[in-house]
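Architecture at a glance
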Amino acid sequence: MTGAAVGGGLLLVLIFSSQAMEAASQAARVFASGVMPALLPMMVLCRLLPARSNHEHSAWRDYAGAVLFSFASGSPASAQRVRDLCGAGAVAPGAALPLLAACGVMSPMFFTGTLAQWTGLRAGCRVLLLCHWAGALAAAGLVKLASGHPPAARAGAAATPQPPARAARPSLPEAVTEAATALLAVCGAMMTFAIAAGVLRALIAALWPAWAAAHGPLLAAAWALMEVGGGAAAVLEAWPQAPMALLCALCSFGGLSIWLQNLLFVPKCIRPAKLLCVRMLHGALSGGLALLVFSLFPGLTRPF
């Protein structure tokens, strides 16, 4: 970012300091009550899990294990797991992006717990979770097809492969310390984009109050595109009925906050722009699938 952009952002935060503080406080509350309790044990377990299989020709087992771990934990523990596998040589560099597409999911407890409580649609939120997972797998398949297969090395031309270095697993105290440090970065990412969303909403409301009042749903969706936790709550407040397909798309994209959280752990060979495109693809596929399902079964949108 340029100095002018940073200075402009600082000026806006000072002008709308009360909105910025409220947005940061809300993000901190969401983190403390809904993110940290679920994420800490998963990030500790991620560091304690072996990052290299003891059997030969077990790449698919490593991939499947990473996907299952991700479906149970969500981001960014899933990105941390992919990074550990890549660092240990269990995942080829060309397979990292498709694997990140499959593993780039939110915690299932957000769907079955938080969203179910907010909407009162427990069955519908379970369907949302299934659409979320299916979209991730579909995105991984499309990314794999788009990336193609690496060209085979010619006989005698390839260098002698070096065995990957096996990273030593940390002790339990070390794993807890590393997880706690990473959680601070996660909280920072959530608060940063929550502040940006809060200041942006306040600026628009100050400059164009009539437009802001008439386009509350659009502003709520923009909030969710930046920080999905508070943004999802804003979407539910702005719509007269829970927009399930939109919620699925927004949660699958994950917002810029989760994108930044994953960037803390993804392998260095992954470009941020590519990862963002993968997140957009996941959101589009999951949202489209949810739209189809809820159109065919409208009863899922009624609480029971």
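Residues numbered from 1 in each chain as written. Predicted model: local features only at pLDDT ≥ 70, side-chain atom pairs only at ≥ 80, totals over all residues. Heavy atoms only, no water.

Notes on the nonpolar core
For clarity, the threshold we go by: The definition of a nonpolar core used throughout is a set of buried Ala, Val, Leu, Ile, Met, Phe, Trp, Tyr and Cys residues joined through side-chain atoms within 4.5 Å. Note on exposure labels: buried denotes an accessible area under 20% of the residue type's maximum, exposed denotes more than 50%, and partly exposed covers the range between, all computed with a 1.4 Å probe on protein chains only. Going along the chain from the N terminus, every DSSP run of H or I of four or more residues is numbered as a helix, and every run of E of two or more is numbered as a strand. Contacts are assigned to residue pairs that have any heavy atoms within 4.5 Å of one another.
If you look at the biggest cluster of nonpolar residues, it comprises 43 residues, and the most contacted ones within it are Met43, Val91, Leu99 and Leu100. Only α2 (17-48), α3 (59-73), α4 (77-87), α5 (96-103), α7 (122-147), α8 (172-207) and α14 (272-296) provide two or more residues apiece to this core. Beyond its immediate chain neighbours, meaning those up to four positions away, Val91 contacts Tyr63, Leu85, Cys86, Ala96 and Leu99.

Section: the confidence of the model for the chain
Inclusion rule: One confidence number per residue, pLDDT, is output by the predictor and ranges from 0 to 100.
With 89% of its residues at a pLDDT of at least 70, the chain reaches an overall mean of 85. Predicted confidence for residues 150-166 stays below pLDDT 50, and this span has eight contacts to residues more than four positions away or in other chains.

Description of the state of the cysteines
This is how it is decided: For this text, the term disulfide refers to a pair of cysteine sulfurs within 2.5 Å.
One pass over the full model with this rule turns up zero disulfides. Just so you know, Cys103 is unpaired, no disulfide at all, and the nearest cysteine sulfur is the one on Cys86, 9.9 Å from it.

Observations concerning the environment of Ala146
Within the element layout of this structure, Ala146 appears in helix α7. Sequence separation between Ala146 and Pro98 is 48 residues, and the spatial gap between their C-alpha atoms is 9.7 Å.

Focus on the packing of α4 against α5
The description of two helices packed together rests on the angle between their axes and the distance between the axes. In plain terms, the rule: Note on definitions: angles span 0 to 180 degrees between N-to-C directions of axes, and those axes are lines fitted to C-alpha atoms, for helices only across the stretch in contact. Any angle from 65 to 115 degrees is called roughly perpendicular, while one under 35 is roughly parallel, one over 145 is roughly antiparallel, and all others are oblique. Handedness of a helix crossing follows the sense of rotation of the near helix relative to the far helix, less than a right angle counterclockwise being left-handed and clockwise being right-handed. Amino acid classes used here: Ala, Val, Leu, Ile, Met, Phe, Trp, Tyr, Cys and Pro are nonpolar; Asp, Glu, Lys and Arg are charged; the rest, including Gly, are polar.
Between α4 and α5, the shortest axis-to-axis distance is 9 Å and the interhelical angle comes to 155 degrees. In terms of axis orientation, α4 runs roughly antiparallel to α5. Crossing hand, α4 versus α5: right-handed. Residues Ser78, Ala79, Val82 and Cys86 of α4 form the contact with α5, whose own contacting residues are Ala96, Leu99, Leu100 and Cys103. A breakdown of the residues in the contact of α4 with α5 according to their chemical character gives seven nonpolar, one polar and no charged.

Details of the environment of Arg81
Inspection of the secondary structure puts Arg81 in helix α4. For Arg81 and Phe265, which are 184 residues apart along the polypeptide, the C-alpha to C-alpha distance reads 8.5 Å.

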